[in-house]
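Next come the chains, spelled out residue by residue.
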Amino acid sequence: MHEHADLVLTGGRVHTMDAAGTVAEAVATRGGTIAAVGTAEDVAPLAGRGTRVVRLAGRAVLPGINDSHLHGVWLGAMWPALLMDRLAGTGGHAGTGGHAGTGGHEHTAPVRLAGEERVAKAILRTAGLLAPLGITGYTEPGLGPGEDGGATGCFGTSALRAYADLAERGELTARVTALMLFGELDGRSSADELAEGLRTFAPPPDVPGRFRVAGVKIFADGIPPMRTAWTERPYADGSTGALLVDGRDDADREAALRAMIDAAHAAGHQIGVHATGDRATRVVADALATAQARDGRDARHYLIHGDLLSPATLEVLARAGIGLNTQAGIPVATAPLLADALGADALRDAWPVRSALDAGVRLSLSSDAPVLTPDWRAGVAAAVTRAGLDGTVRGPEQRIAVADALRAYTVTPAWQDGAERWKGSVEPGKAADLCVLADDPLGVEPAALPSVPVEMTVLDGRVVYES
Ligand SMILES: [Zn+2]
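Keep in mind that this is a model prediction, so the values were computed, not measured. (Residues numbered from 1 in each chain as written. Predicted model: local features only at pLDDT ≥ 70, side-chain atom pairs only at ≥ 80, totals over all residues. Heavy atoms only, no water.)

**With respect to the overall build of the chain**
What counts is decided by this rule: By the criteria applied, helices consist of DSSP H or I runs no shorter than four residues and strands consist of E runs no shorter than two, each listed in order from the N terminus. In this analysis, two residues are considered to be in contact whenever any of their non-hydrogen atoms come within 4.5 Å of each other. Exposure was quantified through the Shrake-Rupley algorithm and a 1.4 Å probe, taking into account, for residues, occlusion by the shown protein chains and nothing else.
The number of helices and strands found in the chain is 15 helices and 16 strands. By its C-alpha atoms, the chain is 70 × 50 × 45 Å across when sized along the principal axes. The contacts of the chain with a sequence gap of at least 6 include a subset with a gap of at least 24, amounting to 73%. Approximately 17000 Å² of the chain is accessible, and the part contributed by carbon and sulfur atoms is 51%.

In structure tokens, the structure reads:
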């Protein structure tokens, strides 16, 4: 092979995120893939006519960032407003928390999109926000028929079509994975609607490498501050929340949720389940593990948010190979609300990301934007410090290392996408998706991470952002 590289980045710290945690000095890309990684001398021969050589001068390279739970249409429609910002000054009343919350959208998201063209505009606006952050991939967690009559218009089938069309035309600057939604966002659903949807709804076909409808999103419960999370212990008012799935009583709703998970698994889908209360996370982990054990398919199912997770539930997730997708900015913002709702004791099993890693759970960190900022640097800082804006540390024993947090934004989300063979790390043959930072994230004070500038974003070997 005598063809020269298209791009060589050399003289820096290339955090490859490979299995051994190799830090290299240089990387070369050619034809959209990584051609070489190693020392400056290793990579130098690939530079030739037509090669752009960037001297890193100590700057750092990461794999392109994958925000594995981000509502792209909603973010584009709302930006620069974020749900958490809006609620920050309210003393934490209705709607603050894990996912805007059951019934929280009506008063927090006054956007109204309709039609594929307006949705496409929101997606492109989000693309314009994410590329300067070094983000080269994200998951749209829940778009489909369940929200076709929804209040915001951000989550319906027109969004799936808009993504597919933009991807087809090469206008997306991030790889997008989508989960289908057959119930309401943060709201009710039923086993019958899901079964009907699986039978009759045809999502747009994949656009290889750019857009893929991977599976199904299911909402198990709400969020603890709203007392809608389904919990083992009662809230201060004696209630315990409940599953959002239609049913006469707890047992009936649990049976319906299990039937939904079984049906989506049997149909060959990946399943992401929003579950926050410890009773919901226990039942969902068991239901996903049980469905998977029936045929042994490596389905890449995952639990979303997981605000309250008992050690026993973490064991089930680890043993069954079920991922955990959570947002490090939530504990620092909502720990006092959780303590108000469930008592200070509840904080013991709250947002246990360190315990999850120790138990062997695959941990992905994400923004849930527009709930939190799409800036992953803030997410890494929150995971590493567990400190809020006022400096208060929430659950210091659950702090994780910078390297672990970076894996949770790169290699593990690639696993979540079922794409770890071809993306998520800087290794020869993989997709040339890169994020260049002005400083080494492992060398700065964790609290200073959000101010480390992103200097370049590369997708498929193409520079999609440069400062
Ligand atoms: Zn979400």
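**Things to note about the nonpolar core**
What counts, and what does not: We define the nonpolar core as a collection of buried residues of types Ala, Val, Leu, Ile, Met, Phe, Trp, Tyr and Cys that are connected through side-chain atoms lying within 4.5 Å of one another. Whether a residue is buried, partly exposed or exposed follows from its accessible area with a 1.4 Å probe, protein chains only, as a fraction of its type maximum: under 20%, in between, or over 50%, in that order. Residue ranges assigned to the domains are those given by an automatic or database domain assignment.
By size, the foremost hydrophobic cluster in this structure holds 114 residues, and its most contacted members are Phe211 and Trp376. The leading source of residues in this core is helix H9 (residues 278–295), at eight residues. Mapped onto the domain boundaries, this core takes at least three residues apiece from domain 1 (7–63 + 428–466) and domain 2 (65–416). Ignoring sequence-local partners within four residues, the contact set of Trp376 consists of Leu62, Ile65, Leu133, Ile135, Leu406, Tyr409, Cys435 and Leu437. In this structure, Leu9, Ala432, Met456 and Val458 belong to the second largest nonpolar core, which totals 15 residues.

**Considerations on the packing of aromatic side chains**
Remark: the centre distance and the inter-plane angle together describe each pair of aromatic rings, the angle taken between the planes. Which entries qualify depends on this criterion: Side-chain rings of Phe, Tyr and Trp, where Trp is taken by its six-membered ring, are said to pair if the distance between their centres is within 6.5 Å; with planes under 30 degrees apart they count as stacked, over 60 as edge-to-face, and otherwise as tilted.
Counted under the stated rule, the structure contains five aromatic pairs. Consider the rings of Tyr138 and Tyr163, whose centres lie 6.3 Å apart with planes at 65 degrees: the pair is edge-to-face. In this pair, Tyr138 is assigned in strand S7 (residues 135–143) and Tyr163 in helix H6 (residues 157–168), connecting sequence segments 25 residues apart. Of the two residues examined, Tyr138 and Tyr163, each falls in the buried class. Here a set of aromatic residues connected by ring pairs shows up, and it is made of Tyr138, Tyr163 and Phe211.

**Details of the domain arrangement of the chain**
This is how it is decided: Buried area is a sum: the accessible area each of two parts loses on coming together, probed at 1.4 Å, counted once for each and added. Put simply, a salt bridge is a Lys or Arg side-chain nitrogen that is within 4 Å of an Asp or Glu carboxyl oxygen. Counted as a polar contact is a pair of N or O atoms within 3.5 Å, where, for protein atoms, one must be capable of donating a hydrogen and the other of accepting one, and residues adjacent in sequence contribute only when both atoms are in side chains.
For the chain, the assigned domains read domain 1 (7–63 + 428–466) and domain 2 (65–416). Once you take the C-alpha centre of each, domain 1 and domain 2 turn out to be 30 Å apart. Taken together, the contacts link 25 residues of domain 1 with 26 residues of domain 2. Summing both sides of the interface, domain 1 and domain 2 together bury roughly 2000 Å²; the carbon and sulfur share of this comes to 68%. The tally of links from domain 1 across to domain 2 stands at three salt bridges. Measuring nitrogen to oxygen at the nearest pair gives 2.7 Å for the salt bridge that ties Arg175 to Asp433. Where domain 1 meets domain 2, there are eight residue pairs in polar contact (both at pLDDT 80 or more). Among the secondary structure elements, those contributing two or more residues to the side of domain 1 that touches domain 2 are strand S5 (60–63), strand S14 (434–437), strand S15 (454–459) and strand S16 (462–466). For the side of domain 1 that touches domain 2, the element with the most residues is S15, which contributes four residues.

**Notes on the UniProt feature "domain: Amidohydrolase" (unreviewed entry) in the chain**
Threshold: UniProt positions are given in the numbering used here, feature names are shortened, and annotations may be inferred rather than shown by experiment.
Per the UniProt record, "domain: Amidohydrolase" (unreviewed entry) is annotated on residues 115–465. Secondary structure content for residues 115–465 is 36% helix and 16% strand, and the end C-alpha separation is 29 Å.

**Focus: the confidence of the model for the chain**
Low-confidence regions, as indicated by low pLDDT, have predicted coordinates that should not be scrutinised in detail. Worth spelling out the cut-off: The predictor attaches a confidence to each residue, called pLDDT, with possible values from 0 through 100.
Chain-level pLDDT for the chain is 93 on average; 94% of the residues reach the 70-or-more range. Within the model, the stretch residues 89–98 combines pLDDT values under 50 with 27 contacts to residues more than four positions away or in other chains. Low pLDDT, under 50, characterises residues 100–107; the predicted model gives this stretch 21 contacts beyond four residues in sequence or across chains.

**Quick notes on the packing of helix H5 (residues 115–130) against H6**
Our working rule: For helices, the axis comes from a line fit to the C-alpha atoms of the stretch in contact; other axes are also lines fit to C-alpha atoms, and the angle between any two N-to-C directions lies between 0 and 180 degrees. Just so you know how the angles are binned, under 35 degrees is roughly parallel, over 145 roughly antiparallel, 65 to 115 roughly perpendicular, and the rest oblique. Left-handed describes a crossing whose near helix is turned anticlockwise from the far helix through less than a right angle; right-handed describes the clockwise counterpart. For this classification, the nonpolar set comprises Ala, Val, Leu, Ile, Met, Phe, Trp, Tyr, Cys and Pro, the charged set comprises Asp, Glu, Lys and Arg, and every other residue, Gly included, is treated as polar.
The N-to-C vectors of H5 and H6 enclose an angle of 60 degrees; their axes lie 9 Å apart at closest approach. One finds that H5 runs oblique with respect to H6. With respect to the hand of their crossing, H5 and H6 are arranged in right-handed fashion. Here Glu116, Val119, Ala120, Ile123 and Leu124 of H5 come into contact with H6, specifically with Ser158, Ala159, Arg161, Ala162, Tyr163, Asp165 and Leu166. Taken together, the residues of the contact of H5 with H6 sort by class into eight nonpolar, one polar and three charged.

**Details of the pairing of S15**
The cut-off we apply is this: In this description, strands pair whenever DSSP reports at least two bridges between them.
Burial analysis of S15 places six of its six residues in the buried class, which makes it a mostly covered element. The pairing of S14 with S15 spans four bridges and is antiparallel. Residue pairing across strands places Cys435 opposite Thr457, the latter belonging to S15. Sheet analysis places S15 next to S16, joined by four bridges and oriented antiparallel. Directly across from Thr457, in S16, lies its bridge partner Tyr465. In sequence, S15 turns back onto S16 through a hairpin of two residues, with Asp460 there showing a positive phi of about 55 degrees.

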